[in-house]
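Chain by chain, the residues:
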Amino acid sequence: MPKILLLNGPNLNLLGEREPAIYGTATLEQVAARAATLAQSLGLELRHLQSNHEGALIDALHDARAWASGVILNAGAYTHTSIALRDAIQAVQLPVIEVHLSNIHAREPFRHTSLIAPVCVGQITGFGAESYLLAVQAMAFLLQRQQV
Ligand code: DQA
């Protein structure tokens with residue numbers, strides 16, 4: 001069964017209590033569990049990792065080269081700041097789907113720019129916790145298409 005990495009960046013460990021009007025009330029554990037269940041039903045094994053540290057996210061991407069077929073990434077605020085993360089995405093040569101709970105384009109101007117978007121397959125933004133489920137579906141579609 002192909003494996004995918006769900007990678008969450010800074011402050012997403014506080015989901016459920018952090019600005020619930022923007023990010024919702026579900027915890028990260030609940031969101032990741034729902035994503036894993038959906039992935040399983042689509043024939044994918046999902047492994048989840050969250051870190052508040054830029055280097056740890058980069059390490060996780062590097063490690064994923066050895067075992068993952070693709071990555072679903074919510075880089076949090078590093079989306080808007082991290083050239084290092086962007087370089088890592090480009091370096092690992094895995095399909096990466098960018099995910100956000102909120103619609104980053106409808107928020108403060110500094111969130112409108114995603115440094116990682118140009119090196120990701122696509123971006124899913126603004127559907128709350130459902131963004132992760134849409135990303136799992138998109139990844140299943142993508143990996144199936146690669147096999148054909
Ligand atoms: C976020 C959007 C980012 O701008 C923000 O810094 C986050 C969460 C989202 O999921 O909506 O931490 O990635």
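Residues numbered from 1 in each chain as written. Predicted model: local features only at pLDDT ≥ 70, side-chain atom pairs only at ≥ 80, totals over all residues. Heavy atoms only, no water.

This part takes up unusual backbone geometry. Residue asparagine 11 is not a glycine yet carries a positive backbone phi of 75°. The topology assignment puts asparagine 11 in the loop between strand E1 (3-8) and helix H1 (20-23). (Helix = DSSP H or I, 4+ residues; strand = E, 2+ residues; numbered from the N terminus.)

A separate point is the site of the ligand. Surveying the vicinity of the ligand reveals the residues Arg18, Tyr23, Asn74, Gly76, Ala77, His80, His100, Leu101, Ser102, Ile104 and Arg111. For the ligand, an oxygen atom lies 2.8 Å from a polar atom in the side chain of asparagine 74. The contact in question runs from an oxygen atom of the ligand to an N or O atom on the backbone of alanine 77, over 3.2 Å. Burial of the ligand by the protein chains amounts to 99% of its free accessible area of 320 Å². (Near = heavy atom within 4 Å. Polar contact = N/O pair within 3.5 Å; in protein donor to acceptor, adjacent residues only side chain to side chain. Areas by Shrake-Rupley, 256 points an atom, 1.4 Å probe, with all protein chains shown as cover.)

With that settled, the discussion passes to the pairing of strand E4 (residues 96-100). Each regular strand carries side chains that alternate between the two faces of the sheet. The buried fraction of E4 is high, at 5 of 5 residues. Side chains Val96, Glu98 and His100 project from E4 onto one buried face, and the interleaved Ile97 and Val99 project onto a second face that is buried too. Across 3 bridges, the pairing between strand E3 (residues 70-74) and E4 is parallel. From the neighbouring strand, leucine 73 faces E4, where its bridge partner is glutamate 98. (Buried < 20%, exposed > 50% of the residue type's maximum accessible area, 1.4 Å probe, protein only. Pairing = 2+ DSSP bridges.)

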